[in-house]
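Geometric and topological summary
Here are the chains, one letter per residue:
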Protein chains: 2
Amino acid sequence: MPYRRTENVVRHLAEREEAILAAATTIAAEGGMGAVQIVAVAARAGIAAGTLYRYFPSKSDLIAELVTAVAGRELSAMAAAGDAAPGPLSALAACIATFSARALAERRLAWAVLGEPVDAQVDAMRLDFRQSLAAELEARIKTAIEGRHLPDLDAGVAAPAIVGALMEGLLGPLAASPSDDAGARAAVQTATLLALRALGVVDARARGLVAQCVLP
Amino acid sequence: MPYRRTENVVRHLAEREEAILAAATTIAAEGGMGAVQIVAVAARAGIAAGTLYRYFPSKSDLIAELVTAVAGRELSAMAAAGDAAPGPLSALAACIATFSARALAERRLAWAVLGEPVDAQVDAMRLDFRQSLAAELEARIKTAIEGRHLPDLDAGVAAPAIVGALMEGLLGPLAASPSDDAGARAAVQTATLLALRALGVVDARARGLVAQCVLP
DNA sequence: TTGCAGCGTGAATCATCGTTCACTCGTTCG
DNA sequence: CGAACGAGTGAACGATGATTCACGCTGCAA
């Protein structure tokens with residue numbers, strides 16, 4: 001029974017899978033989803049195209065893991081920021097600001113994973129991410145409504161709308177890319193302010209809700 | 001000098017070009033941009049693939065004309081609705097509500113032309129459309145700010161954000177599709193309300209701003 | 001040291017589509 | 001009524017990119 005899974009072998013395999021995923025992520029962050037091609041990823045990871053298929057059964061699976069990883073990281077950060085906030089409204093504000101700030105910090109990657117045009121097969125996975133983002137917001141919006149912190153409104157429309165607004169207002173090709181850190185911060189604050197006001201918070205800025213955010 | 005452009009010939013050519021464009025639009029409205037393929041469009045128009053190239057130099061040009069046609073129609077409707085309104089705020093409300101209502105009425109086509117993932121070459125044209133939408137809104141937002149109808153805010157972020165919010169909140173795959181006319185109207189009103197509040201209008205509903213819209 | 005499991009390889013293959021082109025045939029003009 | 005023009009055709013081509021596979025090589029096991 002030769003070639004048992006030694007420590008060494010296992011580690012090597014895991015490292016290589018990690019390297020492939022990292023290569024794919026880097027390429028996505030540099031050139032968008034369109035640039036994530038098997039040969040390119042393999043080359044970046046220092047292996048041949050065929051080798052990649054020893055680790056991922058198909059390109060779709062590779063992309064799925066990539067999206068899942070990024071989404072998981074972002075969703076946790078967002079949830080953590082929300083949970084750390086003192087009340088429903090500041091939780092919402094923290095979620096929105098955190099998501100915005102982190103997305104803006106890795107703008108290209110965020111856009112690749114969230115909104116950039118790709119083929120349909122790949123798109124299905126990103127849908128989950130947007131769905132989860134919207135779900136997280138929707139839950140917090142509903143909580144705030146129940147606690148009378150927000151006026152009654154259709155959270156099912158509002159949550160996706162906020163996701164879309166942040167995507168298009170901060171990440172998409174229409175958005176002006178902030179040149180420096182201060183500009184980015186200002187954009188995040190503007191976006192947060194817009195989102196909170198949309199939900200019916202009239203004096204978000206005065207309450208100091210827009211300043212919160214957790215950076216990567 | 002044979003084969004001069006007779007009335008008949010000219011009309012025939014124009015009709016055929018129109019038919020091709022109509023076929024492409026229908027296919028886009030049914031199956032999204034991905035389904036707009038040369039052979040499929042040609043078949044739907046009742047001609048051969050090669051014939052299509054007598055009318056459009058490339059697929060990109062075909063898509064460009066398709067997007068331009070739809071965009072022009074929608075932008076005019078939006079501008080008209082805005083111009084007919086009595087003041088800057090109701091103009092904004094009318095623009096947003098009109099766009100939303102018309103987009104929702106042809107949801108699949110609107111999404112295909114505005115947001116649906118496709119390849120990069122095609123995407124450039126849709127960018128113009130989103131750009132124009134944002135520009136129209138931005139101008140009206142600035143007017144309203146100058147007239148002190150809105151608080152000071154960064155219109156360059158707000159306008160794309162609203163476009164994104166409407167796209168994602170009403171058209172995108174996350175949005176629940178309204179089953180009936182009343183549901184659609186409610187969704188449009190919710191979206192309009194959110195957008196106006198985001199801009200700083202605190203009592204949009206009370207002022208009756210959200211009821212306006214011009215249907216197709 | 002030797003045998004062999006299984007990783008690594010990368011050229012070949014397959015699939016998808018946009019685009020072309022040599023040819024047919026209906027229409028127009030003299 | 002022909003001759004010529006040019007619309008129409010659709011199979012073939014080309015480009016791109018994912019996926020496969022037969023073979024070489026590495027490094028565990030005995």
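Up top you'll find the structure we're talking about.
Owing to the predicted nature of the structure, the values given are computational and were not obtained by experimental measurement. (Residues numbered from 1 in each chain as written. Chains lettered and ligands numbered in written order. Predicted model: local features only at pLDDT ≥ 70, side-chain atom pairs only at ≥ 80, totals over all residues. Heavy atoms only, no water.)

**Re the pattern of salt bridges**
For the coordinates displayed, the defined rule picks out 16 salt bridges over all chains. Where A:Arg102 meets A:Glu74, a salt bridge forms, and the shortest distance between an N and an O atom there is 2.8 Å. Here A:Arg102 is found in helix 5 (residues 88–105), whereas its partner A:Glu74 is found in helix 4 (residues 59–84), with 28 residues between them in sequence. For A:Arg102, a relative accessible area of 12% gives the class buried. The exposure class of A:Glu74 is buried, given its relative accessible area of 12%. B:Asp181 is paired through a salt bridge with B:Arg185; the nearest N and O atoms lie 3.7 Å apart. A residue pair is termed a helical-turn pair when its members lie 3 or 4 positions apart in one helix, as B:Asp181 and B:Arg185 do in helix 9 (residues 181–199) at four residues. We classify B:Asp181 as exposed; its relative accessible area is 56%. Taking relative accessible area as the criterion, B:Arg185 reaches 47% and is therefore assigned partly exposed. A network of salt bridges, in which partner residues are shared, links A:Arg73, A:Glu74 and A:Arg102. (Salt bridge = Lys/Arg side-chain N within 4 Å of Asp/Glu carboxyl O. Helix = DSSP H or I, 4+ residues; strand = E, 2+ residues; numbered from the N terminus. Buried < 20%, exposed > 50% of the residue type's maximum accessible area, 1.4 Å probe, protein only.)

**Examining the relation of the copies chain A and chain B**
Superposition of chain A onto chain B requires a rotation of 179° combined with a translation of 0.0 Å along the rotation axis, giving an RMSD of 0.1 Å. The transformation relating the two chain copies, once decomposed into turn and shift, fits a two-fold axis. Taken as a fraction of all interface residues of chain A, those also at the interface in chain B reach 100%, which identifies the copy contact as same-surface. (Least-squares fit on C-alpha atoms with pLDDT ≥ 70 in both. Contact = heavy atoms within 4.5 Å.)

**Some points on the nonpolar core**
With 153 residues, the main nonpolar core has A:Ile141 and B:Ile141 as its most contacted residues. Excluding residues that lie within four positions of it along the chain, B:Ile141 makes contacts with B:Leu92, B:Leu150, B:Leu153, B:Ala155, B:Ala158, B:Ala159, B:Ile162 and B:Leu199. (Core = buried A, V, L, I, M, F, W, Y, C linked by side-chain atoms within 4.5 Å.)

**Some words on the environment of A:Cys95**
Residues and elements named next belong to chain A. Structurally, Cys95 is set in helix 5. A C-alpha to C-alpha distance of 36 Å links Cys95 and Leu13, two positions 82 residues apart in sequence. Once you skip the residues sitting within four places of it in the chain, Cys95 turns out to touch Met78, Gly82, Glu136, Leu137 and Arg140.

**A closer look at the packing of helix 5 of chain A against helix 6 (residues 107–114) of chain A**
Think of two packed helices as two axes; the pair is described by the angle between the axes and how far apart they sit. Residue and element names in this part refer to chain A. Two elements in contact, helix 5 and helix 6, have axes separated by 5 Å at closest approach and are oriented at 110°. Accordingly, the angle class assigned to the pair helix 5 and helix 6 is roughly perpendicular. Only Arg107, Ala110 and Leu114 of helix 6 make contact with helix 5, whose side of the interface consists of Phe99, Ala103, Leu104 and Ala105. A per-class count over the contact of helix 5 with helix 6 returns six nonpolar, no polar and one charged. (Axes fitted to C-alpha atoms, helices over the stretch in contact; angles between N-to-C directions. Parallel < 35°, antiparallel > 145°, perpendicular 65-115°, else oblique. Nonpolar A, V, L, I, M, F, W, Y, C, P; charged D, E, K, R; others polar.)

**Description of the interface of chain A and chain B**
Taken residue by residue, the interface counts 29 residues in chain A and 29 residues in chain B. The interface formed by chain A and chain B holds two salt bridges in total. Taking the shortest distance from any N to any O, the salt bridge between B:Glu168 and A:Arg130 comes out at 2.9 Å. Of all the secondary structure elements, the ones that give two or more residues to the side of chain A that touches chain B are helix 7 (120–146), helix 8 (155–171) and helix 9 (181–199) of chain A. It is helix 8 of chain A that provides the largest number of residues to the side of chain A that touches chain B, a total of nine residues. Per-class residue counts for the side of chain A that touches chain B are 18 nonpolar, five polar and six charged.

**Observations regarding unusual backbone geometry**
Most peptide bonds take the trans form, and the phi angle of most residues other than glycine is negative. Residue and element names in this part refer to chain A. Here the phi dihedral of Arg148 falls at roughly 60°; this positive angle occurs in a residue that is not glycine. Residue placement: Arg148 occurs in the loop between helix 7 and helix 8. Relative accessible area serves as the criterion here: at 76%, Arg148 is assigned to the exposed category.

**Description of helix 2 (residues 38–45) of chain B**
Residue and element names in this part refer to chain B. Within helix 2, burial applies to Ile38, Val41 and Ala42. The arc that holds the buried residues of helix 2, viewed along the axis, is 100°, so those residues lie on one side. Among the exposed residues of helix 2, those pointing more than 90 degrees away from its buried face are Val39 and Ala43. Looking one or two residues beyond helix 2, the residue adopting positive phi is Gly46, at roughly 80°. (Arc of directions from axis to C-beta.)

**What to know about the packing of helix 8 of chain A against helix 8 (residues 155–171) of chain B**
The interhelical angle for the contact between helix 8 of chain A and helix 8 of chain B, taken along N-to-C directions, is 135°, at an axis separation of 6 Å. Taken together, helix 8 of chain A and helix 8 of chain B sit at an angle that is classed as oblique. The handedness of the crossing between helix 8 of chain A and helix 8 of chain B comes out as right-handed. Along the contact surface, helix 8 of chain A presents A:Val157, A:Pro160, A:Ala161, A:Gly164, A:Ala165, A:Met167, A:Glu168 and A:Gly169, while helix 8 of chain B presents B:Val157, B:Pro160, B:Ala161, B:Gly164, B:Ala165, B:Met167, B:Glu168 and B:Gly169. Here the contact of helix 8 of chain A with helix 8 of chain B is built from residues that sort into 10 nonpolar, four polar and two charged. (Left-handed = near helix turned anticlockwise from the far one by under 90°.)

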